[in-house]
Amino acid sequence: MGESLAQFDEAIRLDPSYGEAYNCKGLAMMELKKYDVAFACFEHALKLEPRNAKFWYDKSLLFRELGMVEDEAQACLTSLQHGPGSVQAWHSCARALARMGEGKEALACMEKALELEPMSADLWFYMGSYQSRLGMPEDALKSFGKALAIDASHAAAWLGKGEALLKMNRDEEALECFDRSIGLNDKIAEAWYRKGMLFIKNGRYEEALAVLDRAVELHPAYADAWFYRGCVMEVR
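Residues numbered from 1 in each chain as written. Predicted model: local features only at pLDDT ≥ 70, side-chain atom pairs only at ≥ 80, totals over all residues. Heavy atoms only, no water.

Caption draft 1: Molecular detail of the environment of Glu190. Checked against the element boundaries, Glu190 lands in helix H12 (residues 189–201). Distance in space between the C-alpha atoms of Glu190 and Asn169 is 19 Å, their sequence separation being 21 residues. Apart from residues no more than four positions distant in its own chain, Glu190 is found in contact with Leu159, Glu163 and Tyr222. (Helix = DSSP H or I, 4+ residues; strand = E, 2+ residues; numbered from the N terminus. Contact = heavy atoms within 4.5 Å.)

Shown next, in the form of C-alpha cells:
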C-alpha cells in the first residue's frame, strides 16, 4: 500500500490536476482507515472533475464505511446522474435507500441493477429481501424463486423464501426452505431462529427451544432469540 501511495503522490506532484490520482489515493487511504485524508482526496478529485460518475460512486463507499447513509445515497444518486450507472452503483443506491426507509425507491434501483445483470442470484435475493421488508411476500417469493433458479445452493435465498412463505401461512413449505438453508449453511443464526419461530407458532415448544439454543450458540448477542427462548421456557 505504501508503494502505491508513493506513486499516486508522485503523479499528483507532477500534475496537480490529475483527478484520477486523487481518487485512487482516496481509496487507498480508506483502506488504511485514514478517513479524513480519504475524504479530502475525494473532494479534491471531484473539484477537478465534478461530473465523474466513478468518483462520486467511490466517495459513496467512504460514506458507507462511516455509516453516513443519507450521504451515501446522495453520492450514489449523483453518480447515476453523471453516467449510465453500473450494477454496483444501482445496487449501492438501493441498499442505502432501503436503510433510509425509502423502500419504493430502493426497489426501482434494484430493477435497474437487474436490467443490467438479470442472471445474478445475489441481486434477485436482495430484491426479494427489500420486497419482504415492504410487506410484499408474494413478490418476494417470486424474486427468491428466481435467485434459486439461478443458484440452487444460495442458502440465504432459501431462508428468504421460507420467511416469505411463513408470512403467507404456508408453514410446511416454509419449514422445508429453512431446512434447505440450514443444510447448505448451518452457521446462519437467523435460519435457526426463523425455524424456532415457526415451531412456536405451531406449539412445538421443545423443538423450538432446541433450534433457538443453536441460534444463540451461533450468535450470542441475538436478543430476539434469547427473548423467545425465555418465552418458550415459560410455556412448555
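Caption draft 2: A look at the packing of aromatic side chains. By the definition in use, this model includes seven aromatic pairs. Their ring planes at 45° and their centres at 6.0 Å tell us that Phe125 and Phe144 sit as a pair that is tilted. Residue Phe125 is located in helix H8 (residues 121–133), and its partner Phe144 is located in helix H9 (residues 137–150); the two are separated by 19 residues in the primary sequence. The class for Phe144 is buried, based on a relative accessible area of 2%. (Phe/Tyr/Trp six-rings, centres within 6.5 Å; stacked < 30°, edge-to-face > 60°. Buried < 20%, exposed > 50% of the residue type's maximum accessible area, 1.4 Å probe, protein only.)

Caption draft 3: Region of the structure containing the pattern of salt bridges. Evaluated as defined, the whole model comprises 16 salt bridges. For Lys25, the salt bridge identified is with Asp9, shortest N-O distance 2.8 Å. With Lys25 in helix H2 (residues 19–31) and Asp9 in helix H1 (residues 2–14), this pair connects stretches of sequence that are 16 residues apart. The class for Lys25 is buried, based on a relative accessible area of 16%. For Asp9, a relative accessible area of 35% gives the class partly exposed. One salt bridge in this structure joins Asp171 and Lys201, with 3.0 Å as the shortest N-O distance. Here Asp171, found in helix H11 (residues 171–184), pairs with Lys201, found in helix H12; they are 30 residues apart in sequence, far enough to count as distant. One network of salt bridges, with partners in common, ties together Arg64, Glu72 and Arg99. (Salt bridge = Lys/Arg side-chain N within 4 Å of Asp/Glu carboxyl O.)

Caption draft 4: Summary view of the side chain of Ser132. Among the structural elements, Ser132 can be located in helix H8. In contact with Ser132, not counting residues within four places along its chain, are Ala140 and Lys167.

Caption draft 5: Local environment of helix H3 (residues 35–48). With 14 residues, H3 should cover 20 Å at 1.5 Å per step; its first-to-last C-alpha distance of 20 Å lies within 8% of that length. Listed as buried for H3 are Ala38, Cys41, Phe42, Ala45 and Leu46. Each buried residue of H3 lies within a common arc of 130° when the element is viewed along its axis, so the set occupies one face. Of the exposed residues in H3, those oriented more than 90 degrees away from the buried face are Asp36 and Lys47. (Expected span 1.5 Å × (residues − 1). Arc of directions from axis to C-beta.)

Caption draft 6: Seen up close, the state of the cysteines. Scanning all chains against the criterion turns up zero disulfides. Of all cysteine sulfurs in the structure, the one in Cys24 sits closest to Cys41, which takes part in no disulfide; the separation is 10 Å. Overall, the relative accessible area of 6% leaves Cys41 in the buried class. (Disulfide = S-S within 2.5 Å.)

Caption draft 7: Main features of the packing of helix H10 (residues 155–167) against H12. Running from N to C, H10 and H12 cross one another at 20°; their axes reach a closest spacing of 10 Å. In this view, H10 runs roughly parallel relative to H12, as classed from their interaxial angle. At the point where H10 passes H12, the crossing takes the left-handed sense. Across the interface between the two elements, Leu159, Glu163 and Leu166 from H10 touch Glu190, Ala191, Arg194, Leu198 and Lys201 from H12. (Axes fitted to C-alpha atoms, helices over the stretch in contact; angles between N-to-C directions. Parallel < 35°, antiparallel > 145°, perpendicular 65-115°, else oblique. Left-handed = near helix turned anticlockwise from the far one by under 90°.)

Caption draft 8: Region of interest: the nonpolar core. Formed by 56 residues in total, the largest nonpolar core has its most connected members in Tyr193, Leu198 and Ala225. With eight residues, helix H6 (residues 87–99) is the single largest residue contributor to this core. Residue contacts for Leu198: discarding those within four places in its chain leaves Leu166, Asp171, Ala174, Leu175 and Phe178. (Core = buried A, V, L, I, M, F, W, Y, C linked by side-chain atoms within 4.5 Å.)

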